[in-house]
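Each chain is listed here by its residues.
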Amino acid sequence: MTHGDPATDLSSGCGHSARRVVSKAKHTLHKPHGPEIGPKAEDLPGPALREVLLSARPSDAFLLWACTGRLRELLPELDALRGVSQLPAHRDDAFMHTLKVVDAIEPTPVRRWAALLHDIGKAATFIETPEGRSRFFDHHRIGAEMVPPIMSRFGEPPELIAHVQRLVQLHMRPISYTPEWSDAAVRRLIAEAEQGRGEQGWRDLMALARADLRGYLPEPIDRGLSVLDQLERRAARLLYGSSLPQGAGSEAGANTVAEEADAQPRSPLDGHELMALAGRPPGPWVGALKEYLRAQVEQGLLHPDDRQAARELALRWLDRLDPHT
């Protein structure tokens, strides 16, 4: 796989910038003339890991463990994200991005665990396209399946595990929002987020989505924050009959509800493009494939303007198609 910038890639002995952070972490966690403030990796699992997760900056401890090899023993699934490229979309590898997200989200057990594990499926799903793009198809689903065994190792209660698993499963959906989503699609996302947790589940999901974006700083994230603002206003209108007050989101914009009016979700590729891609004559398969891509857009799993991702999804769908269909 392709490695990221050496200053942020820990896969080759810890980069220079990482060593500076680790040096600071050692000073914080292990003062030379006093008791240790933070737990050692060998003291984990259990409550000690939660102590780190709920600290002011968990990344210090995780970087220290990564650079000393402890993370490979403690959380091999997280260690596997080191060096997983997100180029060209993002500079940081998946590991450094994850640490930034953990630091950026509010220190509650649900939110910090969800931030730590939100991209845990990326190592298992990484592919590099011929154009050099990093892709992680279904990483949210694979990651959600990984959550219970990971958290169970640390003795976390089933209820907490279920909430975190749901957030990992859903974490890609909010940032994929477009005004083309139907009201039913927005309501369905809210209902899935609130399952077993009520309104707090929706707030947790939106907090994770915002932290996920902040985890890409200093890259520009204004557009993504605006998307989340639009979604929150749309959700408030559907739930309460009114839009959120101006400024209620962390980056509330000036878009009006009228600008976010419903439009039918559509496939990014039309029938002619699909036939050219498949090299097949017209048939029922064209409508079935368009409906599949349209459903991906409606569910927030595919952006209506992401034609490259639509082509890749279409080719995977075609691979499973009976050649005589």
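Reference entry: report on the structure contained in this document.

About the thresholds
- Residues numbered from 1 in each chain as written.
- Predicted model: local features only at pLDDT ≥ 70, side-chain atom pairs only at ≥ 80, totals over all residues.
- Heavy atoms only, no water.
- Helix = DSSP H or I, 4+ residues; strand = E, 2+ residues; numbered from the N terminus.
- Buried < 20%, exposed > 50% of the residue type's maximum accessible area, 1.4 Å probe, protein only.
- Contact = heavy atoms within 4.5 Å.
- Phe/Tyr/Trp six-rings, centres within 6.5 Å; stacked < 30°, edge-to-face > 60°.
- Lys NZ or Arg CZ within 6 Å of the ring centre and 35° of its normal.
- Core = buried A, V, L, I, M, F, W, Y, C linked by side-chain atoms within 4.5 Å.

A short note on the overall build of the chain
- A count of helical and extended segments in the chain gives 16 helices and two strands.
- Here the chain holds 325 residues, and the buried ones make up 50% of them.
- Taking the contacts inside the chain whose residues are at least 6 apart along the sequence as the reference set, 64% of them involve residues at least 24 apart.

Notes on the packing of aromatic side chains
- Throughout the structure, instances matching the rule amount to four aromatic pairs.
- An angle of 85° between the planes, with centres 5.4 Å apart, marks the rings of F62 and W65 as edge-to-face. Taken as a pair, F62 and W65 lie in helix 3 (residues 59-68) at a separation of three residues, close to a single helical turn. Here the two residues F62 and W65 agree in accessibility, since each one is buried.
- The residue whose ring lies beneath K122 is F136, and the NZ or CZ to ring-centre distance is 4.7 Å.
- Directly above the aromatic system of W285 lies the positively charged group of R280, at a separation of 5.2 Å from the ring centroid.

Some remarks on the nonpolar core
- In this structure, F62, W113 and L117 are the most contacted members of the largest nonpolar core, which totals 64 residues.
- For F62, the residues in contact, after removing those within four places along its chain, are L49, V52, L53, L71, L75, L78, F95, L99 and L116.
- Counting 17 residues, the second-largest nonpolar core is a separate cluster that includes W285, A310, A314 and W317.

Quick look at the side chain of Q296
- Within the secondary structure, Q296 sits in helix 15 (residues 284-298).
- Owing to a relative accessible area of 12%, Q296 belongs among the buried residues under this scheme.
- Each residue touching Q296, except ones within four places of it in the same chain, is listed here: L301, L302 and L313.

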